[in-house]
Amino acid sequence: MRSVEDQLAAVVDAATAPEPIRVALTDALGLMCAEELTSTTQVPGFPQAAVDGFAVRAVDVGGTAGLRRPERRDRNENDHNENDHNENDQDGNGEDAPAAPQPNRERALPVVGEVPAGSQKPLRLQPRQAVRVATGAPLPTLADAVLPLEWTDRGRKRVTPQRPVRTGDFVRRPGDDIQPGDIAVRQGAVLGPAQIGLAAAAGRDKLLVYPRPRVTVMSYGLELVDLDRRPGLGQVFDIASYVVAAAAKEAGADVHRVGIINAEPRRMRETVAGHIAKSEFVIITGAVGGSGAAPIQEILRELGQIDTTRVAMHPGSVQGFGLMGEERIPAFLLPSNPVSALVIAETFIRPAIRRSLGKTAVTRRTVEARSLRELSSIPGRRGYIRARLMRDADTGDYLVEPLSALEAGPAHLLAGFAEANAMICLPEEAVHVRPGDIVDVEYLRQRS
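It should be emphasised that the depicted structure is a prediction, and the values quoted were computed from it without experimental measurement.

Caption draft 1: Layout of the environment of Arg154. Checked against the element boundaries, Arg154 lands in the loop between β8 (145-148) and β9 (158-159). Separated by 101 residues in sequence, Arg154 and Gly53 have C-alpha atoms that sit 8.6 Å apart.

Caption draft 2: Spotlight on the sheet that holds strand β5 (residues 53-56). Reading across the sheet, the five strands line up as β8-β5-β7-β6-β9 and stay open at both edges, with mixed pairing between neighbours. The open sheet has two edge strands with one neighbour each: β8 and β9. Bridge count for β5 against strand β7 (residues 130-133) is three bridges, and the pairing is antiparallel. Bridged to Ala55 within β7 is Val131.

Caption draft 3: Structural view of the packing of aromatic side chains. Evaluated as defined, the whole model comprises three aromatic pairs. An angle of 35° between the planes, with centres 6.4 Å apart, marks the rings of Phe281 and Phe332 as tilted. Residue Phe281 is located in strand β17 (residues 281-285), and its partner Phe332 is located in strand β21 (residues 329-334); the two are separated by 51 residues in the primary sequence. The pair formed by Phe281 and Phe332 is uniform in burial state, with each residue classed as buried. For the pair Phe321 and Phe332, a centre-to-centre distance of 5.0 Å together with 45° between the ring planes defines the contact as tilted. Placement of Phe321 in strand β20 (residues 318-324) and of Phe332 in strand β21 is noted, with a sequence separation of 11 residues between them.

Caption draft 4: Main features of a nonpolar patch on the surface. Together, Leu227, Phe237, Ile239 and Tyr242 give the surface a local cluster of nonpolar side chains, amounting to about 340 Å² of exposed area. On the secondary structure map, Leu227 appears in the loop between β14 (224-225) and β15 (236-237).

Caption draft 5: Representation of unusual backbone geometry in the model. With an omega of -10°, the peptide bond running from Val43 to Pro44 counts as cis. Summarising the element assignment, Pro44 is placed in the loop between β3 (37-38) and β4 (48-49). At the junction of His314 and Pro315, the peptide bond is cis and its omega measures out at -5° in the coordinates. Secondary-structure assignment places Pro315 in the loop between β19 (313-314) and β20. The backbone of Arg328 sits at a positive phi, close to 55°, despite the residue not being glycine. Mapped onto the fold, Arg328 is located in the loop between β20 and β21. Its relative accessible area of 47% is what places Arg328 among the partly exposed residues.

Cut-offs applied
Residues numbered from 1 in each chain as written. Predicted model: local features only at pLDDT ≥ 70, side-chain atom pairs only at ≥ 80, totals over all residues. Heavy atoms only, no water. Helix = DSSP H or I, 4+ residues; strand = E, 2+ residues; numbered from the N terminus. Pairing = 2+ DSSP bridges. Phe/Tyr/Trp six-rings, centres within 6.5 Å; stacked < 30°, edge-to-face > 60°. Buried < 20%, exposed > 50% of the residue type's maximum accessible area, 1.4 Å probe, protein only. Patch = residues over 30% accessible without salt bridge, like charges linked within 9 Å, V, L, I, M, F, W, Y side chains within 5 Å. Areas by Shrake-Rupley, 256 points an atom, 1.4 Å probe, with all protein chains shown as cover. Salt bridge = Lys/Arg side-chain N within 4 Å of Asp/Glu carboxyl O.

Pasting the structure below:
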């Protein structure tokens, strides 16, 4: 019997990324970048106001010009508000702010214009003048700082400063974010919102990426009927292929569900071989266990090397994995029982898909939780038990409630999984768990 670790290692090692393709930036989220994106421009391309306020010369508002250029600060953003600047706060340079002087009309500056964001009209500031600017607006020539709106009396024709600023305060300098030659997105980076934004800032509307792996899901079994037919005596709906297709899609794959394949050997071989050629993963449910699976097993042996074995886990012990076709495409053989198929998909198929997407974390998050109920497991097998994961409001500790046979039905039924947001993972040596014992819990989803 093979261990879960050995099976997982074989599966993940076989996962490869598809050939890169160029996609629109809007379609690149979550994919792995296949090129190194170097900026040819600086961002921002001109001195910008970082907050709403007044463009000024620092020396005209009681500040000091010629000081060191301030470091880049996240606080110079559009969410600047009055609560950020009370008399006990700091000025924009990380030093103690001087006491705010009382408004003095003699210190007032004439407001000689207004510059909105996106303005292309050049404006020149003269000494002892101010220009009203919006966040993102280009600074007038000779202006070296922005006086935040809430640091003034908000005058329209004349504005009275209530705090000094220094050269560079609340100004986004050219190239603060990106300089020409900077690497905006590295090859191999998984494209999140920030990477998408950097690519856009570099002026790229398309990126070379590794696309979502194509996963083909099909099912086999003389007892199976699809959802458009009414099951007769001895027949059941093909549920497992829907379950596994959904799990693969949730993991990030581009999924094609074929449905029930024809049992005639020649047509069966043509169907499987045809989909191997256009997939990164092939999953066949109902192809393991019992004499009924013998025909499909024979076809699969002709097309590749498939190892059907027992893995030290429950449910889902009997399963198959191997490489098929000239391209040696990873193929999974799963039982037709939907719960067993789902546990195998979570344990092995999801990590393989995540690896092909370039994700560093290929498995679900695992936490330690205190069991609220008694548990038992099969000796020598890793147990995967559906459960509800909760958190103690007072202590913050994780608590987990196994979904018992009484509440959720036997372990092979799917209904209980719909109520679960986690799986308890019991090690092979854990035969009995008492209430209050600490167990490992794999977090599946947030319950609504």
